[in-house]
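Notes for the structure review
Listed below are the residues making up each chain.
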Amino acid sequence: MTFRARPAGRRRPGWESDGRRNAYLNVGFGLVVLVGVLILGGAAGASWYGEHLEPVATVNGSNITKDDFRALAKIALFRIQVAQARIEDEFAAGRIDQSTRDQQIQFIDQQTQQIEGQVLEQLIDSKVISTLAEREGVTATDAEIDDKLTQEATTFEQRHVWSIEVEPEISDGADEPTAAQITAAREKADKALADLEAGKTWEEVSQTYSTSLQAATAGDLGFRYEEGGLDKPFATALFALEDDAHTGVVEGEDGVFRIGRVTEIVEPVEDPDYTAAIEADGIPMAGFREALRIDVLHDKLQDKIKTQALQDGPQRRVAEILIPAPGEQPDGGPLPEDAIRVRHILFSPKDDATKASTLPADDPAWKAAEVEARAAYDRIKANPDLFDSIARNDTDDAASADSGGKQSYYSSLTEQLDPAFAAAILDPEVKPGQLLEPVRSAFGWHVIQIMYRAPDIDRAKAIKAALDGGADFAEYARSDSYGPEAADGGVIGWIARFQIDQTLEDAIFGTAVGKVTDPVEASDGIHIYKVLEEKVRPLDDDQKQTVESSAFNNWYTARKNTFDIHRVGEEAAAA
């Protein structure tokens, strides 16, 4: 056999074989598809994340997600719907009238419109409360959560309440009744009770003795809850009564003497379908119980702090200089450059500022007012310390008498400012402390003293420096403070822990006795305190009432402010 020689040539690599090439092409195509799927999956994942896990706020780095927000919003709406249904039931049963029903439904509508902001703040508070509760050793047991759920499912007890009220008289110009006036009111209430016990009808006694506006309807207050706005001692007495009975004479926290009557009792009723209704609304029971857990923690924290606050402890007697926060400007912006604070004493013709503009210019009363103004001006020029007392006692501007004639900021933007008054105080040449020559306006003759220009903090720092240099605190209180006690040298009395905003409390208790605090900025203005003395003493009645109503809020607000809280919507708006 003869063999033919084959032409020499390149051998094809194995990977170029048809089968393998097709396999690799398929693998390559698969990788492209996989990348595409991953891209699409990533987009879908990002979209899902944005819809569910994207944060709406953070608290100390812990996220509150959109899902968290939706879950609590659902619970809040459920609770609103329950409240609305109960109002309609009350109306249908005749326990509230149409006007009351409409007011309550309108309030609920407002709550619904504001629910987005309220839910976000509740979520933030839930994280803050959980953290604070752990610090304070406060926990919520399953049994306590069960009790809270039962409370939510149960309507409040209601009672048809009537009241005979005797309020002590107050003399003209006085802020409080005298001891004799209080005794007279008590004796009048005792006579009313004696007449009831002697067999006179409730209606007759009410019309004879009651000073209440409801006396014409025999003091009918309608159906009320125990926590439904009644004076606390009065409510306690009413809800201890049997049906168709009346109380004795009850002295309220507001100083009014009352006799109460109950003519119908509506017992509380638990809704057996409440839990089913929650689940039927698409709300997971675990989520609802978590909301209840926060409620329990809040209530227990509040009780603990209130109990601590009511204990005897160190208190400090202080005097205060209060420079109030500037009022809102017409354009909503900051104070204009020409803004200025002044104080004045007004002498109106015939002592009536409201009718001054109707008097002829040559009426002798105008001259009489001018004579008074110039006499006051001369006295104050000779002794500037007299301004406060003259303003409080002699001014015809009743609105500013209690503050010693002090005014809010005036500026070129102030609306309806008398032209003559404006020209005098907005003169760029006037100086702080300057006493102006009497000025005639449409309201009378003014004796005006320039106080200072903005900002208030500069004035506060200047006062602090003067006080540290030995200036008399009482004199600065009379001249600069807008507080009601300014006339008495700013002495406001005893301050206990938890009684006031904690920023102010910290300043007072962090300053040595006999010394003056730095200026402290708060929502109502700038405060400067002098610590007069310290004692361990029980709370008086006014302090107890204040502490019971505000201790927890003061405590909680101060601690919440230490948390690092970011609200995404606010930050986006700011950007």
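Everything below is about the structure shown above.
How each quantity is defined
Residues numbered from 1 in each chain as written. Predicted model: local features only at pLDDT ≥ 70, side-chain atom pairs only at ≥ 80, totals over all residues. Heavy atoms only, no water. 1 Å grid on protein atoms, 1.4 Å probe; cavity = no way out; pocket = protein on both sides within 12 Å on 5 of 7 lines; lining within 4 Å. Points joined across faces, edges and corners; volume = space filled by probe spheres on them. Helix = DSSP H or I, 4+ residues; strand = E, 2+ residues; numbered from the N terminus. Contact = heavy atoms within 4.5 Å. Polar contact = N/O pair within 3.5 Å; in protein donor to acceptor, adjacent residues only side chain to side chain. Axes fitted to C-alpha atoms, helices over the stretch in contact; angles between N-to-C directions. Parallel < 35°, antiparallel > 145°, perpendicular 65-115°, else oblique. Left-handed = near helix turned anticlockwise from the far one by under 90°. Nonpolar A, V, L, I, M, F, W, Y, C, P; charged D, E, K, R; others polar. Expected span 1.5 Å × (residues − 1). Buried < 20%, exposed > 50% of the residue type's maximum accessible area, 1.4 Å probe, protein only.

What follows deals with the layout of surface pockets. Within this model, the second largest pocket holds a volume of roughly 420 Å³. Lining the second largest pocket are 15 residues; nearest its centre among them are Lys232, Glu253, Lys544, Gln545 and Glu548. Within the residue set of the lining of the second largest pocket, elements represented by two or more residues are α8 (232-238) and α18 (541-560). Of all the elements, α18 adds the most residues to the lining of the second largest pocket, at 6 residues.

Structurally, tyrosine 274 can be placed in helix α9 (residues 274-280). Distance in space between the C-alpha atoms of tyrosine 274 and alanine 153 is 5.8 Å, their sequence separation being 121 residues. Non-local contacts of tyrosine 274, meaning those with residues more than four positions away in its chain, are made with Phe78, Val82, Arg86, Leu149, Glu152, Ala153 and Phe288. Separated by 2.9 Å, the side chains of tyrosine 274 and glutamate 152 make a polar contact.

Contact geometry of helix α10 (residues 285-309) with α18 gives a least axis separation of 9 Å together with a crossing angle of 115°. Taken as axis vectors, α10 and α18 run roughly perpendicular relative to one another. Considering how the two elements wind past one another, α10 and α18 form a crossing that is right-handed. Contacts between α10 and α18 involve His298, Leu301, Gln302, Ile305, Lys306 and Ala309 from the former and Val547, Glu548, Ala551, Phe552 and Trp555 from the latter. Partitioning the contact of α10 with α18 into residue classes produces 7 nonpolar, 2 polar and 2 charged.

Along its 27 residues, helix α2 (residues 66-92) runs 39 Å from first to last C-alpha, staying within 8% of the 39 Å computed at 1.5 Å per residue. All buried positions along α2 are accounted for by Leu72, Ala73, Ile75, Ala76, Phe78, Ile80, Val82, Ile87 and Glu90. Its buried side turned inward, α2 meets α3 (98-113), α4 (115-136), β3 (158-166), α9 and α10. One or two positions beyond α2, positive phi appears at glycine 94, with a value near 80°.

Functional significance is not addressed by these values, which are geometric in nature.
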